[in-house]
Amino acid sequence: MYGLYLAIVRHKDHLLFILALTLSLLLILNNTSPEMGVVRGKAAEVVSFMSSPITFIRSLMFLEIETQILRKKNLELSLQVESMLNLQVENDELLSMLDLKKRTKLIMKPARVVNKGLQPNLLSIVINVGFEDGVYKNQAVLTPKGVIGKTVEVGGHSSIVQLITDLNYRLSVRILPSGATGILRLIKNGKAQIREVQKNVKINIGDKVVTSGFSDIYPSGLPVGSVSGVFDDRGSFQKIVNLKLPNNMSSFQNVFVIIEKINEMD
Amino acid sequence: MKWTDFIVPIIFIWLFQLLIADFLTIGTIRPDFPLILILYFSVRYGRSIGVISGFFLGFIVDLSGTAIFFGLLPMTYSLTGYLAGNLKGLFKKMSPVSYAFCWALIITIQFFIFCLIQYQDLWAFNKGVFLGKWFGTTIYTLSFITLLQFISPLHKNE
């Protein structure tokens, strides 16, 4: 026994080395054990805590460069997002136009708004279709939401459209489901009124207003708006109906011109 | 021989490696300061202390890093401690060049074993890159040991 002890003492360096190698190998072979994972996880937490001041200092060192890069990236992304939002709006508009064209029996010519004039009030627009495209004077112009005006001047490849928001504009309309008819005119920005409506008809807020079809310009059944208020005209046998126009006149970019009339109500 | 003679340098070197070594990184290669400490310990105190400190320091370093092969550093550092421990007291019996060659060889062997296990895929598929990694890590740490020879030569620690 004493001899064994002496041998261990004499060769302790080698034995320690063998022991260290064995332990190391055991550690390597147990790399995937859950206990090892727990120990390493705890150690990582300690190391992370201790490294945090240096990490903070290092982050400060690169802060200015990083800010510049991020600022540049931010600008690029903002422009990209803006462009994508515009494209989305345009896409939605085109999709709804496509949908309208599928739904309707009317023969329509798609057009793009190329100019909205310089007047403070939007009274007319210029579209990029003209008589070369089959467009003539006094043809109805609409968007998927409803009528927006009519052509008043036509060139080879462009036309001027008088908008429904022009105070001089008049449109014969029908209120559904009552079937009452009247003349639409603009009162002030975004608000229109239907006059010459018989007093004895029942009209509710939210009723749909469509074109009557009495006009040579507009086929019947084209959407115009919805009723937002009804009141009696004192001293006459008529009602006055307030109308909410569905189109935002400053936002649309694409329109349709009805080049052949078939009554939508038919 | 006090226990603080071991613990204080070990803690200092561990913190140094943990916090400062990143600033000295070239590409993916960083100097191995714990290895330098083990070399100094082994030459000064012999094989036993070399092996124990190597295993202990390797274990701590592996534990504080993101080692893929946990246990690899204790093994290679123990080997370095064992081999470098043999240099204790040899400076007077050898020429300085042979002595320097010996510790450089020990470091080179240590890094070869480390790289062989750590980058075994490279060894199998791209020996050029493997050799680059091996020489890179070896030469970078050796250059720090060489610099240290001007401040505190290894043989003075014997």
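Note that the structure is predicted; figures quoted are calculated from it, not measured.

K.L.:
Which residues make up the environment of A21 of chain B, and what are the values?
P.N.:
Residue and element names in this part refer to chain B. Examined against the element boundaries, A21 turns out to sit in the loop between α1 (4-19) and α2 (33-45). Note on A21: relative accessible area 0%, which makes it buried. Residues contacting A21, with those up to four places away along its chain left out, are F16, R30 and P31.

K.L.:
Could you give me a rundown of the interface of chain A and chain B, with the residues and numbers involved?
P.N.:
Every contact between the two is made by 23 residues of chain A and, on the other side, 27 residues of chain B. When chain A packs against chain B, close to 2,200 Å² is buried across both sides, 73% of that on carbon and sulfur atoms. On the surface where chain A and chain B come into contact, there are 1 salt bridge. Across the pair D13 of chain A and R47 of chain B runs a salt bridge whose closest N-O atoms are separated by 3.1 Å. Inspection of the region where chain A meets chain B yields 5 residue pairs in polar contact (both at pLDDT 80 or more). Elements supplying a minimum of two residues to the side of chain A that touches chain B: α2 (12-29) and α3 (34-61) of chain A. The dominant element in the side of chain A that touches chain B, judged by the number of residues it contributes, is α2 of chain A, at 12 residues. In the side of chain A that touches chain B, the residues fall into 15 nonpolar, 4 polar and 4 charged.

K.L.:
Which residues make up the nonpolar core, and what values go with them?
P.N.:
Ranked by internal contacts, the top residues of the largest apolar core, which has 43 residues, are L39, W103, I107, I145 and L154 of chain B. Residue assignment for this core shows that the elements contributing at least two residues are α3 of chain A together with α1, α2, α3 (47-64), α4 (72-85), α5 (96-118) and α7 (127-151) of chain B. Top contributing element to this core by residue count: α2 of chain B, with 9 residues. Ignoring anything within four residues of it in the chain, the contact list for L39 of chain B reads A84, W103, I107, I145 and L154 of chain B.

K.L.:
With reference to specific residues and values, describe the layout of surface pockets.
P.N.:
Its volume calculated, the largest pocket comes out at about 840 Å³. Considering the residues around the largest pocket, the lining is formed by 28 residues, among which Q17, R30, V61, G65 and L73 of chain B are closest to the centre. Mapped by element, the contributors of at least two residues to the lining of the largest pocket are α3 of chain A together with α1, α3, α4, α5 and α7 of chain B. The residue inventory of the lining of the largest pocket, partitioned by class, reads 16 nonpolar, 7 polar and 5 charged. Taken together, 15 residues form the lining of the second largest pocket, with P9, I13, I36, L37 and Y40 of chain B sitting closest to its centre.

K.L.:
Break down the pattern of salt bridges for me, with residues and values.
P.N.:
Residues and elements named next belong to chain A. Counted according to the given criterion, the structure contains 3 salt bridges over all chains. Between R112 and E90 there is a salt bridge, and its shortest N-O distance comes to 3.5 Å. Of the two residues, R112 is situated in strand β1 (residues 107-115) and E90 in helix α4 (residues 63-103); the sequence distance between them amounts to 22 residues. A residue is classified by how much of its surface remains accessible, and E90, at 28% relative accessible area, is partly exposed.

K.L.:
Please give an account of unusual backbone geometry that cites residues and values.
P.N.:
All names here are of chain A. Residue P177 is reached from L176 by a cis peptide bond, and omega for that bond is 10 degrees. As for its placement among the helices and strands, P177 is situated in the loop between β6 (171-176) and β7 (180-188). Here the phi dihedral of N138 falls at roughly 60 degrees; this positive angle occurs in a residue that is not glycine. Within the element layout of this structure, N138 appears in the loop between β2 (124-127) and β3 (140-143). In this structure N138 comes out as partly exposed when scored by relative accessible area, which is 36%. Within the chain, E196 stands out as a residue other than glycine whose phi angle is a positive 60 degrees. Relative to the elements of secondary structure, E196 occurs in strand β8 (residues 191-198).

K.L.:
An account of the packing of aromatic side chains is requested, with residue identities and associated values reported.
P.N.:
All names here are of chain B. As enumerated under the stated definition, the model contains 17 aromatic pairs over all chains in all. Relative to F33, the ring of F16 lies with its centre 4.9 Å away and its plane at 75 degrees, an arrangement referred to as edge-to-face. Note that F16 is positioned in helix α1 and F33 in helix α2, a separation of 17 residues in sequence. Overall, the relative accessible area of 26% leaves F16 in the partly exposed class. F33 gets classed as buried once you look at its relative accessible area, which sits at 10%. Look at F55 and F59: their rings are 6.5 Å apart centre to centre, the planes differ by 15 degrees, and that puts the pair in the stacked class.

Basis of the calculations
Residues numbered from 1 in each chain as written. Chains lettered and ligands numbered in written order. Predicted model: local features only at pLDDT ≥ 70, side-chain atom pairs only at ≥ 80, totals over all residues. Heavy atoms only, no water. Helix = DSSP H or I, 4+ residues; strand = E, 2+ residues; numbered from the N terminus. Buried < 20%, exposed > 50% of the residue type's maximum accessible area, 1.4 Å probe, protein only. Contact = heavy atoms within 4.5 Å. Buried area = accessible area lost by both parts, 1.4 Å probe. Salt bridge = Lys/Arg side-chain N within 4 Å of Asp/Glu carboxyl O. Polar contact = N/O pair within 3.5 Å; in protein donor to acceptor, adjacent residues only side chain to side chain. Nonpolar A, V, L, I, M, F, W, Y, C, P; charged D, E, K, R; others polar. Core = buried A, V, L, I, M, F, W, Y, C linked by side-chain atoms within 4.5 Å. 1 Å grid on protein atoms, 1.4 Å probe; cavity = no way out; pocket = protein on both sides within 12 Å on 5 of 7 lines; lining within 4 Å. Points joined across faces, edges and corners; volume = space filled by probe spheres on them. Phe/Tyr/Trp six-rings, centres within 6.5 Å; stacked < 30°, edge-to-face > 60°.

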